[in-house]
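Coordinates in review
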Amino acid sequence: MKALFAGLLLGVLTAQACARPSPAVVDACLRTESVSPKVRYTSITADAFQVTEDEEAGKTDITLQHGPDTVGTWEIKKPQAFGLVFNGKETPLSRVTRLDKRKPPAVFNPYEAIWGEAREGSKSYICATFNFDGLGKSGSFQNMRGLYLIERKAHDGATFYASGNIAVSEK
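The sections below set out a description of the structure shown in this document. (Residues numbered from 1 in each chain as written. Predicted model: local features only at pLDDT ≥ 70, side-chain atom pairs only at ≥ 80, totals over all residues. Heavy atoms only, no water.)

**Details of empty space enclosed by the protein**
Applying the stated criterion across every chain yields a total of two cavities of 30 Å³ or more. Its volume calculated, the second largest cavity comes out at about 40 Å³. Around the second largest cavity, the lining residues are Leu84, Val85, Phe86, Lys89, Thr91, Ile150, Gly157 and Thr159. Looking at the lining of the second largest cavity, the elements with two or more residues in it are strand S5 (81-86) and strand S6 (89-92). (1 Å grid on protein atoms, 1.4 Å probe; cavity = no way out; pocket = protein on both sides within 12 Å on 5 of 7 lines; lining within 4 Å. Points joined across faces, edges and corners; volume = space filled by probe spheres on them. Helix = DSSP H or I, 4+ residues; strand = E, 2+ residues; numbered from the N terminus.)

Put into structure tokens, the structure is as follows:
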């Protein structure tokens, strides 16, 4: 009986730890603006990237500091691999939680991404929004955006991916 209770408790705690961001948070980050009274979106100044290269491993980290958090990307040229960095934790794209099935998690240029933070209640997320290497600038892909959300927590945050075809307001 104790083992069953412990298993159920562990399942509930795991589900809460990996709770998905609300649609309002996803929408705010895709649009790079607060679109709901429940969610507060703020831009992150992304003009001071730190680039760290490990030539022996063929690895490059591109990060920026946001308050106490370090966030960014890592990339290995051979074999080709890409992922996100949050406070020293590296998450490859294969371990990112997909919020939709439109597109698989995509590689993006951190210098061209729009970085922000979305807060809803006690939850906070770092957002990186991008337009698929320029495809979002014209034609039928005009409003297509990719989005990574990293849940900010004292421990390792969960990382989510979504994409959307939305009208992004000009700032």
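**Quick notes on the pairing of strand S2 (residues 50-54)**
Across five bridges, the pairing between S2 and strand S3 (residues 59-66) is antiparallel. Bridged to Glu53 within S3 is Thr60. Connecting the antiparallel pair S2 and S3 is a turn made up of four residues, with Gly58 showing a positive phi of about 70 degrees. (Pairing = 2+ DSSP bridges.)

**Things to note about the state of the cysteines**
Disulfides are covalent bonds that connect the sulfur atoms of two cysteines. Per the stated rule, a full pass over the model turns up one disulfide. At a sulfur-sulfur separation of 1.9 Å, the disulfide partner of Cys29 is Cys127. Taken together, the residues span a long stretch of sequence, with Cys29 in helix H2 (residues 23-31) and Cys127 in strand S9 (residues 123-130) at a distance of 98 residues. The burial state of Cys29 is the same as that of Cys127; both residues are buried. (Disulfide = S-S within 2.5 Å. Buried < 20%, exposed > 50% of the residue type's maximum accessible area, 1.4 Å probe, protein only.)

**Examining the environment of Glu90**
As for its placement among the helices and strands, Glu90 is situated in strand S6. For Glu90, a relative accessible area of 34% corresponds to the partly exposed category. Sequence separation between Glu90 and Gly72 is 18 residues; the distance between their C-alpha atoms is 9.5 Å. The residues touching Glu90, leaving out its near neighbours within four places in the chain, are Lys59, Asp61, Trp74, Leu84 and Val85. (Contact = heavy atoms within 4.5 Å.)

**Thoughts on the nonpolar core**
Counting residues in each nonpolar core, the largest one holds 22 residues, and the members touching the most others are Val71, Phe108, Trp115, Ile126, Phe130, Tyr148 and Tyr161. When residues of this core are traced back to their parent elements, those giving at least two are S3, S5, S9 and strand S10 (144-151). By size, the runner-up hydrophobic cluster in this structure holds 16 residues, among which are Leu30, Tyr125, Cys127 and Ala158. (Core = buried A, V, L, I, M, F, W, Y, C linked by side-chain atoms within 4.5 Å.)

**Some remarks on the pattern of salt bridges**
Under the defined criterion, the tally for this structure stands at nine salt bridges. Close ionic contact of Lys153 with Glu151 constitutes a salt bridge, the shortest N to O distance being 3.7 Å. Judged by its relative accessible area of 2%, Glu151 is buried. One salt-bridge network, held together by shared partners, links Asp69, Glu117, Arg119 and Arg152. (Salt bridge = Lys/Arg side-chain N within 4 Å of Asp/Glu carboxyl O.)

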